[in-house]
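Survey of secondary and tertiary structure
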Amino acid sequence: MNHSTTFFLIAICVGLLAGGLLGTQPSINGSLGKSVAHPLQASLISFGSGTAILLVLTLALGGFPPQFVVSPRSLPWWIWFGGAIGVVMVSTSLLIVPRIGSLPWFAAVMTGQTVAALLLDHYGLLGNPRTPVSALRVGGTLLLVLGILAIVGARRLESTQDTAVEVLETKQEHQEE
């Protein structure tokens, strides 16, 4: 196996691990959100703990303060908004996941990420190498869209079935009385 294939496989495994960790984050933050007065307070605590960990790591590894290899003024305007996207992600998940659960939320997030990545790669935007859209990539993206539709549809079907069971149980209880 050559070096690039090995790196690719390791990167996929790390991505799967990171994705698994990300899958737990909204549930953890949702529980935190129930324990404080406002969801934004939970978001602040979440980012505060992450910031503290990053500060300790950068101090321990000699990477603080940050040193730019190019002038910060020469960087594109959008480069400063990665953290803001994280705030949107964490804060919205704090509000939504406790109401709908992790699976539909992450199905929607993954689908949105995949569609965005497809376009970013196709057009070579935000520093990505240009990788034209192919039928196979579009097919994979459509499978994700179908997956989210199946997950949402299953939730509706399961809710309908649960309601039907409750109605039947209530009827049986009244008949037994």
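Going by the structure above, here's the rest.
Here the structure is a predicted model, which means the values were calculated and not measured. (Residues numbered from 1 in each chain as written. Predicted model: local features only at pLDDT ≥ 70, side-chain atom pairs only at ≥ 80, totals over all residues. Heavy atoms only, no water.)

Counting secondary structure elements, the chain contains five helices and zero strands. Reading the chain from its N terminus to its C terminus gives the helix and strand order α-α-α-α-α. Here the C-alpha atoms of the chain give a radius of gyration of 22 Å, more than 25% beyond the 16 Å that 2.2 N^0.38 yields for 177 residues. Each principal axis of the C-alpha atoms in the chain carries an extent, and together these give about 80 × 45 × 35 Å. Burial statistics for the chain: of 177 residues in total, 13% are counted as buried. Partitioning the contacts of the chain with sequence separation of at least 6, the portion at a separation of at least 24 is 55%. When the accessible surface of the chain is totalled, it reaches about 13,200 Å², and 71% of it is carbon and sulfur. Here the chain contributes 8 positively and 8 negatively charged side chains, and the mean placements of these two sets differ by 25 Å. (Helix = DSSP H or I, 4+ residues; strand = E, 2+ residues; numbered from the N terminus. Rg over C-alpha atoms; globule rule 2.2 N^0.38 Å. Buried < 20%, exposed > 50% of the residue type's maximum accessible area, 1.4 Å probe, protein only. Contact = heavy atoms within 4.5 Å. Areas by Shrake-Rupley, 256 points an atom, 1.4 Å probe, with all protein chains shown as cover. Lys, Arg positive; Asp, Glu negative; His and termini not counted. Charge placed at Lys NZ, Arg CZ, Asp CG, Glu CD.)

On to the packing of aromatic side chains. In this structure the tally under the stated criterion is two aromatic pairs. Ring geometry for Trp-77 and Phe-81: centres 6.0 Å apart, planes at 70°, overall edge-to-face. (Phe/Tyr/Trp six-rings, centres within 6.5 Å; stacked < 30°, edge-to-face > 60°.)

With 22 residues, helix H4 (residues 102–123) extends 31 Å from end C-alpha to end C-alpha; this agrees with the ideal 32 Å at 1.5 Å per step. Buried within H4 we find Pro-104, Trp-105, Phe-106, Ala-107, Val-109, Thr-111, Leu-118 and His-122. Once H4 finishes, Gly-124 follows within two positions and takes phi at roughly 65°, a positive value. (Expected span 1.5 Å × (residues − 1).)

To continue, consider a nonpolar patch on the surface. On the surface, a cluster of nonpolar side chains totalling about 580 Å² of accessible area is made up of Met-1, Phe-8, Leu-9, Ile-12 and Leu-16. Among the structural elements, Ile-12 can be located in helix H1 (residues 3–35). (Patch = residues over 30% accessible without salt bridge, like charges linked within 9 Å, V, L, I, M, F, W, Y side chains within 5 Å. Salt bridge = Lys/Arg side-chain N within 4 Å of Asp/Glu carboxyl O.)

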